Amino acid sequence: MSREQRDISKKLINSSQEGTFLEYAAEASKGGQQQRNQVVDVMTILHNAGDLDLPKEFKQLENKAESGRDFFQLRHLFEKALPRLEASVLSIMECVQHLVKEAGEDLSAGMLIPPFIEFCKYTPTRESDALEIVLLSPEQWSDLLAPILVAGTYSDMQNYFQKAAELSFHKDVAIRRNAVHAIGQFKFPAESGYSGKSLDCFAKVIEDESDDQVLACLLGSACSICIGDNSTVDRGREIIEAALSKGGELTLYSAASVFGFEMKKLPEEILDVFFQPFLKVDPKHAGTLSNIGYGISCLLKREDPGKGIDLLENLLLGHHGKLTIESLDHLIHSIHSQGFQLLNTLLTRWFLNGEPVLCNSIATILETIHGEDPLLKIDRAVIPSEEPALYLFLARKAIGYLFMKPVTCTSIIVSLMENNHEEELLQYLGRLLFDPILLNFCGKPYDFLKKEIAVQKDPVRNVIQTAMDAIYGYLKTLRSVPDIPEMYPTQEQREVQMRRQSRIMAESYKEAQKKSIFSQLCSTSVLLYGKSSIMHIQDDGSGESRRMEIPMQHHSVSFEVPRQADIAPFDFDYQLRVFRNERLVTR
């Protein structure tokens, strides 16, 4: 040992005797990776020499904030030391089990299992001793069965595979669950035949098995075997189908986990098995939905996103509005990340379908796009025919669901014009541009159409020009009417409305503050008077305070309000409801 290591060694022994071992270990390992490795090396040497009992010391470690210890930092020291420790199997199992349970539901809870496998692999007797302990008290040690069996396969694959297969039929359900799980973790030699034997074992297990946990583990293991050995895909597909048909919520969660995190490795034949069972998922099961959503996002990134679109569409339709696209994590971000091509396809396909849950999903996706309204186009390949009624239907759906994004609505209608020049259709779409779009929003939509006139060709350009001339004439006529005093509200009525609007805005501001991240990052100060805030900052060098004045900055947000929302709110709302609820008549 170096001088520094001897110093650490002495302090570790003293702290152990004084009951402050964990406190000193945490303090000594704060210097970085090299320092932590040095502490681990010294602890290992002292334990193997009999000067320390590391399992005993770390069994006192608890994941409690009031203890003042960094639980995971200290546990990491034991993880690094574990494979090299010379200790009884029972004492190590007790310590490992304690530390895993203390970690709770943290994602790093299982990080201690690989070092435990390395410990068991060190000598063959450790594996057999550990297995004997588990089988004597399965209710206590069953969770450690899988890593013990995995460790055993490194020295004797045939023996420990046979043990795992036999334990898959054990009377204790926890033993069965972990034995089946262990088989999925085995690293079989190439062309050894163990993959086929595993699936044969699973087929027999499924015949009489009814426990959802066992079936969930079996499904995960079968998928792992099929990923590792393509020759077993057909047999594995049958077993996975059987597990899904007999299993419940946990089995479906297992399938969703494989679907979400092993998507790129899964054979297509296995992937197709999951789609129908996923349609039965309970909308309340957020974890399962999150994994399904992640898997769908991977499918949508493929060159052909058809499978992902079909699954997403069927999933939303199958739950009759109880499941929304927001419930499926990653999906909206995934759709955004691929530009507007995928969104154009979804918009065209789902608006043609007309179901509210699909159309509302488009509106939800667009609500998350901040800044300027996106310019969207229809995907002509999705439209089944050139029938004008289909184009009219798309235009009315776009207005019904995306009316508060008027530039987006306008871009969709212009796109419809570009793809079908049927004269009567163009005239109707032109009338929709005027009423209700330009009639309600004569700002940004009008500016967008001015730019489009410069790039469009006849007859689309003529239709756009006609709509712009119509709104210009309408506004000119409207402004030509002199002021009519009788039409103005009284001063009292204006003040009442102003107070009402002020109250609504104040309540809205308070609600927005609750969800704002800035309230967690910044403190709030209220200026009673003046146009700036003043503070004094201490200079490091001189120690004198320096006066700083920060002037207040102007900040504003503007948006267009539909004109008819004030003039004819009921007629306006009725028109949008009609557009949203109408359906195509199929003959």
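Residues numbered from 1 in each chain as written. Predicted model: local features only at pLDDT ≥ 70, side-chain atom pairs only at ≥ 80, totals over all residues. Heavy atoms only, no water.

Focus: the overall build of the protein chain
- Across its full length, the protein chain carries 31 helices and two strands.
- Against the globule reference of 25 Å for 587 residues, the protein chain gives a C-alpha radius of gyration of 34 Å, more extended than a compact globule.
- With the principal axes as the frame, the protein chain shows a C-alpha extent of 100 × 80 × 40 Å.
- By the burial criterion, 44% of the 587 residues in the protein chain qualify as buried.
- Intrachain contacts of the protein chain at a sequence separation of at least 6 include 69% that bridge at least 24 residues.
- Of the roughly 32,900 Å² that the protein chain leaves accessible, carbon and sulfur atoms contribute 51%.
- If the 63 positive side-chain charges of the protein chain are averaged to one point and the 81 negative ones to another, these points end up 4 Å apart. (Helix = DSSP H or I, 4+ residues; strand = E, 2+ residues; numbered from the N terminus. Rg over C-alpha atoms; globule rule 2.2 N^0.38 Å. Buried < 20%, exposed > 50% of the residue type's maximum accessible area, 1.4 Å probe, protein only. Contact = heavy atoms within 4.5 Å. Areas by Shrake-Rupley, 256 points an atom, 1.4 Å probe, with all protein chains shown as cover. Lys, Arg positive; Asp, Glu negative; His and termini not counted. Charge placed at Lys NZ, Arg CZ, Asp CG, Glu CD.)

Some remarks on a nonpolar patch on the surface
- Together, V481, I484 and M487 line one region of the surface with nonpolar side chains, adding up to about 310 Å² of accessible area.
- Residue class for I484 comes out partly exposed when judged on its relative accessible area of 41%. (Patch = residues over 30% accessible without salt bridge, like charges linked within 9 Å, V, L, I, M, F, W, Y side chains within 5 Å. Salt bridge = Lys/Arg side-chain N within 4 Å of Asp/Glu carboxyl O.)

Quick look at the pattern of salt bridges
- This structure, assessed with the given rule, holds 29 salt bridges.
- The residue E27 makes a salt bridge to K30 at a minimum N-O spacing of 3.5 Å.
- Residue classification places E27 among the exposed positions, given a relative accessible area of 51%.
- Taking relative accessible area as the criterion, K30 reaches 56% and is therefore assigned exposed.
- One salt bridge connects K307 with D272, and the closest N-O pair in it is separated by 2.9 Å. In this pair, K307 sits in helix α19 (residues 306–318) while D272 sits in helix α17 (residues 268–278), placing the two residues 35 residues apart along the sequence.
- When its relative accessible area of 32% is taken as the criterion, D272 is described as partly exposed.

So, the side chain of N344
- For N344, the position within the fold is in helix α21 (residues 341–353).
- Exposure remark for N344: the relative accessible area of 9% places this residue in the buried category.
- In this structure the side chain of N344 is engaged in a polar contact, spanning 3.1 Å, whose partner is the backbone nitrogen of K377.
- Aside from chain neighbours lying at most four places away, what touches N344 is L376, K377 and D379. (Polar contact = N/O pair within 3.5 Å; in protein donor to acceptor, adjacent residues only side chain to side chain.)

Side note on the environment of L22
- By the secondary structure assignment, L22 is in helix α2 (residues 21–28).
- A relative accessible area of 4% places L22 in the buried class.
- Along the backbone, L22 and R69 are 47 residues apart, and their C-alpha atoms lie at a distance of 8.0 Å.
- Excluding its chain neighbours within four sequence positions, the residues that come into contact with L22 are E57, F58, Q60, L61, R69 and L74.

Some thoughts on the packing of aromatic side chains
- Taken as a whole, this structure holds 15 aromatic pairs when the rule is applied.
- For the ring pair F58 and F78, a centre distance of 5.2 Å and an interplane angle of 45° mean the geometry is tilted. One end of the pair, F58, is in helix α4 (residues 54–58); the other, F78, is in helix α5 (residues 71–81), with 20 residues separating them in the sequence.
- With relative accessibility at 0%, the residue F58 sits in the buried group.
- Classification of F78 by relative accessible area gives buried; the value is 0%.
- Judged by centre distance (5.1 Å) and plane angle (55°), the ring pair of F403 and F441 falls under tilted. (Phe/Tyr/Trp six-rings, centres within 6.5 Å; stacked < 30°, edge-to-face > 60°.)

Describing unusual backbone geometry
- Cis geometry marks the peptide bond from D458 to P459, where omega comes out at 5°.
- Along the polypeptide, P459 turns up in the loop between α26 (444–455) and α27 (460–480).
- For H320, which is not glycine, the phi dihedral falls at a positive 50°.
- In this fold, H320 is placed in the loop between α19 and α20 (331–337).
- Residue H320 is classed as exposed on the basis of its relative accessible area, which comes to 72%.

A look at the state of the cysteines
- Taken as a whole and assessed by the stated rule, the structure comprises zero disulfides.
- Unpaired in this structure, C298 has its nearest cysteine sulfur neighbour in C223, at a distance of 15 Å.
- Overall, the relative accessible area of 17% leaves C298 in the buried class. (Disulfide = S-S within 2.5 Å.)

Let's talk about the nonpolar core
- Judged by nonpolar contacts, the single largest core of 169 residues is most densely connected at F58, F78, F116, F259, F274 and L402.
- Tallying contributions element by element places helix α14 (residues 212–228) first for this core, with nine residues.
- Once residues within four sequence positions are removed from consideration, F274 is found in contact with L219, C223, I240, L244, A255, V258, F259 and L266. (Core = buried A, V, L, I, M, F, W, Y, C linked by side-chain atoms within 4.5 Å.)

Notes on the confidence of the model for the protein chain
- Summing up the model confidence of the protein chain, the mean pLDDT is 92 and the portion of residues at 70 or higher is 99%.
- Across the protein chain, element-level confidence peaks in helix α12 (residues 173–185) with a mean pLDDT of 97 and bottoms out in helix α29 (residues 518–521) with 78. (pLDDT = per-residue confidence, 0-100.)

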